[in-house]
Amino acid sequence: MTVFLAATGVLSFAPPSTTTTSANAPGSTTFFSTAATEENVVIEHEHCKEPGDRDILIRAARGEVTERTPVWLMRQAGRYMAAFREYSTKYGFRERSETPSMAVELSLQCHRKYGMDGIIMFSDILTPLPTLGIEFDVVGGVGPVISTPVESEADVNALADAESVDFDKQLPFIREILTTLSKEAEEANTALIGFVGAPFTLAAYTMEGKSSKHCLTTKKHMMRDEMGQDKTMSLFLDKLAVMIGNYACHQIDCGAQVIQLFESWAHQVSPAGFEKFAKPAAQKAIEIIKAKHPDVPVIYFANGGSSYLELQRDMGADMIAVDWHVDMAQARKILGPDIPISGNIDPTILFGSKEQIEQAVRDCIDKAGGPGNKHLLNLGHGVMQGTPEEAVGWLVDECKRYQGKKA
């Protein structure tokens, strides 16, 4: 299969049902039109026109006071959009995320429509696992399924050396995707966001083999590690931390301007488990990123970790993202006024009225300290499937419009 991009950048795409055949590659399929012109691009929003819009998200993530509160949304590229579903109903996840032309288009759709303050690469936290020899697939109705067992110290030692991973060789699509998106972000006057999964989350996903309600296999490994019976968990976390830190650096080298580290399974660990296992591994990954790219902000998000938010003050990240289970004012109080914060609107509010959504935006910004006060507005989790498309626009518009309470 051969996929073509317009030489001047990704400007316009035919729907996935439209295919053409290249004269240079008989029988090959082109997902998108190669005759794209700027006139084909439809920008539906009125944002990203001020000079400061290009880096407002970056400045906020670094902890600078900004002229307004910037906004992006986790899963902003997702199945709530009809345009996205034109692809997700026809192509498997890995095909979409590892085919540069499709991944670029899916990354850009939401920004063309809503004008968030950042474009995030369409990918997955599991994408780099094959660089260590861990294979996975995404099965419809089940989700990611990992087929490579990691059950012992020998299994960990049999994995590839994390220090010697060649991301360009093993994940060649990442550079093409991010290089293209970097150009698109510059033209759109916005930032480019990269992301990685945190070590504990990737370890747990691998050890469980798929999504797990209780994460019992992983927790048994943690308990054996604590008792000194074996060090499978510690060894695996260390290997993953090195790979993830280097993978994030690779994304930055390819054009990402901000990195978000997703601890998606933080709800599976107690505060003690977080402090002993998840936290040190995430800190190691962050240290690797900051050692090589000290000026690139790193955002750390522990989904379900708001019950131990006080343990996240010294993660080493530039900004802490919080889930929707904690009140933003309380989160700000726990973290302190000097730690930049991201979040944390309940995603279900997007099923409410326009007035409810706009009020939720204002409340969140006010509780974070007011517009532009070291705060990046986001949901406390990803945009849910079935979310009305216009609701996302109402949220983004109100965030960019809101100037704070009137005196």
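Structural notes, computed from the coordinates. (Residues numbered from 1 in each chain as written. Predicted model: local features only at pLDDT ≥ 70, side-chain atom pairs only at ≥ 80, totals over all residues. Heavy atoms only, no water.)

A word on the packing of helix α4 (residues 100–114) against helix α7 (residues 172–188). Relative orientation of the contacting elements α4 and α7 amounts to 30°, with a least axis distance of 9 Å. By the angle between their axes, α4 is roughly parallel relative to α7. Two packed elements cross with a definite hand, and for α4 against α7 that hand is right-handed. Residues Pro-100, Ala-103, Val-104, Ser-107, Leu-108 and His-111 of α4 form the contact with α7, whose own contacting residues are Phe-173, Glu-176, Ile-177, Thr-180, Leu-181, Glu-184 and Ala-188. Class assignment for the residues of the contact of α4 with α7 results in 8 nonpolar, 3 polar and 2 charged. (Axes fitted to C-alpha atoms, helices over the stretch in contact; angles between N-to-C directions. Helix = DSSP H or I, 4+ residues; strand = E, 2+ residues; numbered from the N terminus. Parallel < 35°, antiparallel > 145°, perpendicular 65-115°, else oblique. Left-handed = near helix turned anticlockwise from the far one by under 90°. Contact = heavy atoms within 4.5 Å. Nonpolar A, V, L, I, M, F, W, Y, C, P; charged D, E, K, R; others polar.)

Glancing now at the pattern of salt bridges. Two side chains with opposite charge may pair up if their charged atoms get near one another. Tallying each qualifying case throughout the model produces 23 salt bridges. Between Asp-168 and Arg-175 there is a salt bridge; the shortest N-O distance is 2.8 Å. Relative accessible area serves as the criterion here: at 33%, Asp-168 is assigned to the partly exposed category. The partner of Asp-318 in a salt bridge is Lys-290, with the nearest N and O atoms 2.8 Å apart. Highlighted residues: Asp-318 in the loop between β8 (298–302) and β9 (319–321) and Lys-290 in helix α11 (residues 271–292), separated in sequence by 28 residues. (Salt bridge = Lys/Arg side-chain N within 4 Å of Asp/Glu carboxyl O. Buried < 20%, exposed > 50% of the residue type's maximum accessible area, 1.4 Å probe, protein only.)

Before going further, it helps to spend a moment on the packing of aromatic side chains. Counting across every chain of the model gives 7 aromatic pairs. Measuring from ring centre to ring centre gives 5.4 Å for Phe-167 and Tyr-247, while their planes differ by 35°; the resulting arrangement is tilted. Here the residue Phe-167 occupies a position in helix α6 (residues 167–170), and Tyr-247 occupies one in helix α10 (residues 232–253), the gap between them amounting to 80 residues. Here the two residues Phe-167 and Tyr-247 agree in accessibility, since each one is buried. (Phe/Tyr/Trp six-rings, centres within 6.5 Å; stacked < 30°, edge-to-face > 60°.)

Look at helix α13 (residues 354–367): 20 Å from first C-alpha to last across 14 residues, which is about the 20 Å you get at 1.5 Å a residue. The set of residues buried in α13 consists of Ile-357, Glu-358, Ala-360, Val-361, Cys-364 and Ile-365. An end-on view of α13 places all buried positions within 155° of arc, on one side of the element. On its buried face, α13 sits against α12 (328–335), β10 (341–345), β11 (375–379) and α14 (389–401). Looking at the residues trailing α13, positive phi occurs at Gly-369, about 120°. (Expected span 1.5 Å × (residues − 1). Arc of directions from axis to C-beta.)

Turning to the environment of Ala-160, a few remarks are in order. Along the polypeptide, Ala-160 turns up in the loop between α5 (153–158) and α6. In sequence terms Ala-160 and Ile-134 are 26 residues apart; their C-alpha atoms lie 9.1 Å from each other. In contact with Ala-160, not counting residues within four places along its chain, are Thr-131, Leu-132 and Lys-239.

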